[in-house]
Amino acid sequence: MEILSGGRENAIFKRNDTVVRPLNSYSSSIHLLLQHFEKQGIEGVPRFVAIDGDNEVVTFVEGQTVNYPLSGAAASDAAVKSAGKLLRCLHDASVGFIADASYKYQQWMLPVREPVEVMCHGDYAPYNVALVGNEVVGIFDFDTAHPAPRLWDLAYAIYCWAPFKTHVYDKLGELPDQIYRAKLFCDAYGMTKSQRQQLVATMIERLQALVDFMKQQATEGNTQFIANLADGHHLSYLADIDYLQQNGKQIIAGLME
Ligand SMILES: Nc1ncnc2c1ncn2[C@@H]1O[C@H](COP(=O)(O)OP(=O)(O)O)[C@@H](O)[C@H]1O
Ligand SMILES: [Mg+2]
């Protein structure tokens, strides 16, 4: 077995053409979602294969994986556009999943958010996609998937892809470059005017929810989040909230052009 990097350390492995990952209390809900995508014939998402002890086995999504700081293929216009298109495809394909109200009784890592429109991926960031050339062709790590409005997923995805991140390590370009990339994503997804108008406010709310979630998990003894807080990860999100508040009007104006 080969260790896969880019997520939790020493926890995710490649075995032949599959990936072996730790099970969580909500994994069975995620497996139903992956099986739904399979029935819909959606390409570029892992297929659920089996449960093996305390692990799940899913298929390996072929392609190059990337991380911050974004450069090369991940920083290309084509990557942002294809990421936006793939998210639209996943959201549309998930409508049939939430049409069956049983999702309400399933367990998810993140809270169900009304009005439920689609299944959100929950962490649709460059470090969770696979690229071939400059095109995003796949997405994995569905642990954070949960039922919510489309805009809730778009907010976090565009925050990560623009990226509206201020930390020197994560930052890419200046505000006009970030607005340009955000607009590419909005256009590729086919976001409405109303969604664009609400995007920055929703990003801020999504980031605050993330910081609250990290703190709550740490209080409950989750060692991963205790370490994240000790490393000051939440401070980056709070700085980015400030950045979005300061530049919100300019960002929205750019997205509406
Ligand atoms: N189904 C998959 N197909 C291809 N690569 C994967 C798949 N699942 C995980 N990986 C690789 O393993 C890394 C860590 O897995 P991930 O599921 O993202 O872990 P975590 O939940 O800790 O973020 C990813 O960044 C990616 O490189
Ligand atoms: Mg990941």
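Here the structure is a predicted model, which means the values were calculated and not measured.

(A) Local environment of the site of ligand 1. What surrounds ligand 1 is a group of 18 residues, the closest being Arg8, Arg21, Thr59, Val61 and Asp141. Within the contact set of ligand 1, an oxygen atom lies 3.5 Å away from a backbone nitrogen or oxygen of serine 5. At 3.0 Å from a nitrogen atom of ligand 1 is found a main-chain nitrogen or oxygen belonging to threonine 59. Protein contact buries 93% of the 540 Å² of open area that ligand 1 shows by itself.

(B) Structural context of the sheet that holds strand E4 (residues 48-52). One open sheet accounts for five strands, arranged E1-E2-E3-E5-E4; its pairing is antiparallel. Each of the sheet's edge strands pairs with one partner strand only, and the pair in question is strand E1 (2-3) and E4. For strand E2 (residues 13-15) and strand E3 (residues 18-22), the ladder comprises three bridges, and the chain directions are antiparallel. Each bridged residue has a counterpart across the sheet, and for lysine 14 the counterpart in E3 is valine 19.

(C) Unusual backbone geometry, seen in detail. Residue proline 69 is reached from tyrosine 68 by a cis peptide bond, and omega for that bond is -5 degrees. Take proline 69: it is sitting in the loop between strand E5 (55-59) and helix H2 (77-99). Following glutamate 114, the chain continues into proline 115 via a peptide bond in cis, with omega recorded as -5 degrees. Within the secondary structure, proline 115 is located in the loop between H2 and strand E6 (118-120). Despite not being glycine, aspartate 141 shows a phi value in the positive range, around 60 degrees. Looking at the element boundaries, aspartate 141 is found in the loop between strand E8 (135-139) and strand E9 (146-148).

(D) Spatial organisation of the coordination of the magnesium ion (ligand 2). At 2.2 to 2.3 Å from the magnesium ion (ligand 2) lie its protein donor atoms, namely Asn128 (OD1) and Asp141 (OD). Here aspartate 141 lies in the loop between E8 and E9 and asparagine 128 lies in the loop between E6 and strand E7 (129-132), a separation of 13 residues in the sequence. Exposure remark for asparagine 128: the relative accessible area of 3% places this residue in the buried category.

(E) Representation of the domain arrangement of the protein chain. Domains assigned within the protein chain are domain 1 (2-59) and domain 2 (72-256). In this assembly, 18 residues from domain 1 lie in contact with 20 residues from domain 2. In total, about 1,700 Å² of surface goes out of reach between domain 1 and domain 2, with carbon and sulfur atoms giving 66% of it. Connecting domain 1 to domain 2 are three salt bridges. The salt bridge partner of arginine 21 is aspartate 143, with a shortest N-O separation of 3.0 Å. Taken together, domain 1 and domain 2 are joined by seven residue pairs in polar contact (both at pLDDT 80 or more). At seven residues, helix H1 (residues 27-39) tops the list of elements feeding residues into the side of domain 1 that touches domain 2. Residue classes in the side of domain 1 that touches domain 2 are distributed as nine nonpolar, six polar and three charged.

(F) Geometry of the nonpolar core. Core analysis: the biggest nonpolar cluster contains 77 residues, and Tyr124, Phe142, Ile158, Trp161, Phe164 and Phe185 have the highest contact counts within it. Looking at this core, the elements with two or more residues in it are H1, H2, E7, E8, helix H3 (150-161), helix H4 (175-189), helix H5 (193-219) and helix H7 (233-256). For this core, the element with the highest residue contribution is H5, accounting for 10 residues. When residues are assigned to domains, this core turns out to be shared by domain 1 (2-59) and domain 2 (72-256), each giving three or more. Sequence-distant contacts of phenylalanine 142, defined by excluding residues within four places in its chain, comprise Ile30, Leu33, Leu34, Phe37, Val45, Pro46, Leu90 and His121.

(G) Representation of the side chain of glutamate 56 within the structure. Here glutamate 56 shows up in strand E5. A distance of 2.6 Å separates polar atoms of two side chains, one belonging to glutamate 56 and the other to histidine 31. Apart from residues no more than four positions distant in its own chain, glutamate 56 is found in contact with Val19, Val20, Arg21, Leu23, Ser27, His31, Ala50 and Asp143.

(H) Quick peek at the packing of H2 against H4. Relative orientation of the contacting elements H2 and H4 amounts to 35 degrees, with a least axis distance of 7 Å. Note on packing geometry: the crossing formed by H2 with H4 is right-handed. Contacts between H2 and H4 involve Asp77, Val80, Lys81, Ala83, Gly84, Lys85, Leu87, Arg88 and His91 from the former and Tyr180, Arg181, Leu184, Phe185, Ala188 and Tyr189 from the latter.

Here is what the cut-offs are and how they apply
Residues numbered from 1 in each chain as written. Chains lettered and ligands numbered in written order. Predicted model: local features only at pLDDT ≥ 70, side-chain atom pairs only at ≥ 80, totals over all residues. Heavy atoms only, no water. Near = heavy atom within 4 Å. Polar contact = N/O pair within 3.5 Å; in protein donor to acceptor, adjacent residues only side chain to side chain. Areas by Shrake-Rupley, 256 points an atom, 1.4 Å probe, with all protein chains shown as cover. Pairing = 2+ DSSP bridges. Helix = DSSP H or I, 4+ residues; strand = E, 2+ residues; numbered from the N terminus. Donors = N, O, S within 2.8 Å, 3.2 Å for Na, K, Ca; no water. Buried < 20%, exposed > 50% of the residue type's maximum accessible area, 1.4 Å probe, protein only. Domains from an automatic or database assignment. Contact = heavy atoms within 4.5 Å. Buried area = accessible area lost by both parts, 1.4 Å probe. Salt bridge = Lys/Arg side-chain N within 4 Å of Asp/Glu carboxyl O. Nonpolar A, V, L, I, M, F, W, Y, C, P; charged D, E, K, R; others polar. Core = buried A, V, L, I, M, F, W, Y, C linked by side-chain atoms within 4.5 Å. Axes fitted to C-alpha atoms, helices over the stretch in contact; angles between N-to-C directions. Left-handed = near helix turned anticlockwise from the far one by under 90°.

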